[in-house]
Amino acid sequence: MITMENVCKSYKVAKRNAGFGEACKALFHRSYEEIQALNDVSFTIHDGEMVGYIGPNGAGKSSTIKILSGILTPDSGTCIIDGRIPWKTRMEHVRQIGVVFGQRSQLWWDIPVIDSFELLKEIYSVSTLRYKNKLEELSELLQLQELLKTPTRQLSLGQRMRCEIAASLLHEPRLLFLDEPTIGLDAVSKLAVRDFIKKLNQEQKTTVILTTHDMQDIEAIAERVILIGKGKILLDGTLTDLREASAMQEESAGNSANLDQVVANLYRKMNIM
Amino acid sequence: MGIKKTVTLYCKYASICVRSLMQYKVSFVLMIVARFIISFGEFLAITFLFSGFEEIKGYTYSDILLCFAVIQISFVLAEVFGEGFQVFSGTVKRGEFDRMLLRPCSLILQVIGTKFEIERTGPLITAGIMLWIGIRSSQIQWNVLTIWTLIAMIVGGTLLFIGLFMLGASFCFYFIEDTSLLNVLTYGAKTHGKYPIDVYGKGIMGFCTYIIPYTLIQYYPLQYLLGKTTQWQFAFYPVGIIIFLIACYMVWRIGVRNYRSCGS
Amino acid sequence: MKKYYLFFKLRFAAGVQYRMASITALTTQLIWGLMECLVYKVIAETYGEYLPMNYTSIVAYIWLKEAFLVLFNTWNTDKDIFGMIMNGDVAYELCRPFSVYSMWFSRSVGGRISEALLRCFPVLLCAFLMPKPYKMSLPVSGGAFGLFLLTTILGMGITVAFCTLVYMLCFFTISPKGWKMVLVGAVDFLSGNIIPLPFFPASVLKIVEWLPFAYMQNVPFRIYCGDMVGEEMFLAVFKQVFWLIVLIGLGVLLWKRVENRIVVQGG
């Protein structure tokens, strides 16, 4: 179970202006701007839930993920995941979670995928037997057999993403974070990834938290949606709730509108773009 | 994490790095050759300089070669093992450090594990030549203590440079843009450390003892090794580098904490 | 001509943007120069009159080397041009309506001069303000200074022409980075960057003087401090012109081969 209560986080960002004069000034004095990335964020996610975490760019999605995964320490508030405070017990915490960043690779670039997997096995101290079983299972489900011997750099984006997901699951985490897992994938790979995630959630009861800009992902996977904007939770409910919130007052966007329009409308209405 | 596991894991990391390098064999060989040529140029420069005179501040040609060889070997070893720190600003910029934080494993091990640069070993050839000439024409009395001194200088130097690399990496947490000032202390020490530090005078000696303890691995043990002093304690000065290394580690820890509260 | 001027200006503006980098670079160079001076000071104290260059000349040579580092640097400049070769973007250059070789040449010259202008004055200022034994000296005469400026331009031209040649040779290898480093490592030594060429033994020097590398930084710096005078000086200037023409000629010829190769391979 994940409980996040009143979490706040702000960053100091150095201002930088163009121009020679400004550059000279910046040599001696830098001006900072404070950005409130998370402002009193609270939510609870139960075991086995599948949550879509959405919001426009810069809304605070990745800050939340970073706090949940123990990379970042918040300024205030509490966050407890299965009884652990992520940023205080990093080592124990990360053993239980898996994270996939759609835009970054965790596989070693020049060596075959299987070698990356084997290193991960060592890093997470997975016993050989469990590793073998898990690898077999994952290669079956994600159809990796052909890919394992290929160096990562030779894989297509879709193939790579399948391997990335497998890599994050080798240590059988209870909790999986997916950060834009379908970005840039072709239609077939997208469907495969979505199916797999759904199956994973249903069969293994893995809790999944998914951030994405692709509303079809949300439609296909998430039962529950959390909308964040300008560092605040604006909506926490089902897809229907989302549609209703968007449609209120404005007649034009009814139930017939597709989800992209619904969300765009919502962003505009809540003034969080 | 136990020592045995740490070592196995590091070996795994290293083997991956080596295999990645071997994907580009021609480049690998050329890099070794190129670095050898560069270092050989420096060796020739000393040789040419000394063709005009016999000694600098009491140090003969072979003394200087010995000193340069030791610094060269230390630096190369530090680069081979510690290059992960040297490329750390890129690691942070590409978000790979976040990934490291997501693994249940020592951060330093992971950082060091990103690089195992055996293609930097080219200068070892030059260092070997210099060491050979230096030892052959020196009057060193070889016994357990002098052999220890030579090894301690090399190992201590390696640790000193790794400590500096770590310090440089720690600065990436604060000002990600530029850490090249640290290069004066690393590359500078490699280039200028070929002469025993007392050649540079009192001011530099002070800096290299109390700020960055280069003299502990270079000047003092060298005095003992070359038989310029009978003070055997000098042979154990390189051990002091451990304190420096601990200090660097502290800075690194603070940097990591700062990173985790400020983000990138 | 205007096109090349614009390239020059573009690079100049980009160079100005560096902030912290310029201060750290200055500090680095001052420390570097000072350390070198210290060694030669110790040597000169004992062997003063036996050295092939007098101490004041060596100090001036060292500070000029630091001040004009980017002009004669062979290993760390022109990153964008080299990068273009590495990643194959060079094919786009072919689509542009002018000579790629001249564009590269002017771009490289522009980048170097802009950076050098930014860097040289602080370094020189500090060098002139140094305490006595490390103080930079004025040029030996007005004529020497004029010739110093001229030979600096020529020497830089040779450096750029040589580098461009190396970049183009990289087309024909599978490991451009490796080859670049091998060549550049050798040039560093042969151009007098590690120790000034007069310190080379006479027999070696005879050979080195037949190579173009001796006409990069060696000539202007030694003219400035009065180490190279009279007949030797004029001969050196003549050889600079000669090498500049030869290297540019080779570059243009090689570019034709490169062009064919890109067209054949489709980039």
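Look a little higher up for the structure.
Fair warning: this is a prediction, and the values are worked out from it, not measured in the lab.

What should I look at first to understand the packing of helix 4 (residues 113–123) of chain A against helix 5 (residues 128–142) of chain A in this one?
The angle between the axes and the distance between the axes are what describe a pair of packed helices. Residues and elements named next belong to chain A. Packing of helix 4 against helix 5 brings their axes to within 11 Å, and their N-to-C directions diverge by 140 degrees. Considering the angle they form, helix 4 stands oblique to helix 5. With respect to the hand of their crossing, helix 4 and helix 5 are arranged in right-handed fashion. Of the residues in helix 5, those in contact with Ile 114, Phe 117, Glu 118 and Lys 121 of helix 4 are Thr 128, Tyr 131 and Leu 135. Residues of the contact of helix 4 with helix 5, tallied by class, amount to four nonpolar, one polar and two charged.

So what exactly am I meant to see when it comes to unusual backbone geometry here?
Excluding glycine, residues mostly carry a negative phi; peptide bonds, for their part, are mostly trans. All names here are of chain A. Phi angles above zero are rare outside glycine, and Asn 6 is one such case at about 50 degrees. The topology assignment puts Asn 6 in strand 1 (residues 2–14). Backbone geometry places Asp 82, a non-glycine residue, at a positive phi of 45 degrees. Along the chain, Asp 82 falls in the loop between strand 4 (76–81) and helix 3 (90–95). Judged by its relative accessible area of 40%, Asp 82 falls in the partly exposed class.

Is there a simple way to explain the environment of Ser 189 of chain A in this structure?
Within the secondary structure, Ser 189 of chain A is located in helix 7 (residues 187–204). Linking Ser 189 of chain A and His 93 of chain A, residues 96 residues apart in sequence, is a C-alpha distance of 30 Å.

What is the right way to read the pairing of strand 9 (residues 232–237) of chain A from this model?
Residues in a regular strand point their side chains to alternate faces of the sheet. All names here are of chain A. Relative to strand 9, strand 8 (residues 224–229) runs antiparallel, the two sharing five bridges. Along strand 9, the bridge assignment pairs Leu 227 with Leu 235. Count of turn residues in the strand 8/strand 9 antiparallel hairpin: two residues, of which Lys 230 carries a positive phi of about 45 degrees.

I tried to follow the sheet that holds strand 8 of chain A on my own but got confused; where do I start?
Paired through their backbone hydrogen bonds, the strands of a sheet run either parallel or antiparallel. All names here are of chain A. The six strands are arranged 5-6-7-3-8-9 in an open sheet whose pairing can be described as mixed. At either end of the open sheet lies a strand with only one pairing partner, and these are strand 5 (97–101) and strand 9. Sheet twist, expressed as the mean angle between neighbouring strand axes with direction ignored, is 15 degrees. Both strand 3 (residues 50–54) and strand 8 contribute to a ladder of four bridges, which runs parallel.

Explain the nonpolar core here, please?
The tendency in soluble globular proteins is for nonpolar side chains to be buried side by side. Of all hydrophobic cores here, the largest spans 258 residues; its most connected members are Phe 117 of chain A, Phe 85, Phe 97, Tyr 214 and Trp 252 of chain B together with Phe 68 and Trp 104 of chain C. Every residue in contact with Phe 97 of chain B, bar those within four places of it in the chain, is listed here: Phe 88, Thr 91, Val 92, Leu 107, Val 111, Phe 173, Trp 252, Val 256 and Tyr 259 of chain B.

Sorry, what's going on with the interface of chain B and chain C here?
Bring the parts together and some accessible area is lost; that lost area is often taken as the interface size. With 35 residues of chain B at the contact, the number on the chain C side is 33 residues. Roughly 3000 Å² is buried in total at the junction of chain B and chain C, and carbon and sulfur atoms are behind 81% of that figure. It is Leu 30, Phe 48 and His 192 of chain B in chain B that bury the most area against chain C; as a group they hold 20% of the surface buried on that side. Where chain B touches chain C, the interface holds two residue pairs in polar contact (both at pLDDT 80 or more). Looking at the side of chain B that touches chain C element by element, the count peaks at 15 residues for helix 2 (residues 25–50) of chain B.

Conventions and cut-offs
- Residues numbered from 1 in each chain as written.
- Chains lettered and ligands numbered in written order.
- Predicted model: local features only at pLDDT ≥ 70, side-chain atom pairs only at ≥ 80, totals over all residues.
- Heavy atoms only, no water.
- Axes fitted to C-alpha atoms, helices over the stretch in contact; angles between N-to-C directions.
- Helix = DSSP H or I, 4+ residues; strand = E, 2+ residues; numbered from the N terminus.
- Parallel < 35°, antiparallel > 145°, perpendicular 65-115°, else oblique.
- Left-handed = near helix turned anticlockwise from the far one by under 90°.
- Contact = heavy atoms within 4.5 Å.
- Nonpolar A, V, L, I, M, F, W, Y, C, P; charged D, E, K, R; others polar.
- Buried < 20%, exposed > 50% of the residue type's maximum accessible area, 1.4 Å probe, protein only.
- Pairing = 2+ DSSP bridges.
- Core = buried A, V, L, I, M, F, W, Y, C linked by side-chain atoms within 4.5 Å.
- Buried area = accessible area lost by both parts, 1.4 Å probe.
- Polar contact = N/O pair within 3.5 Å; in protein donor to acceptor, adjacent residues only side chain to side chain.

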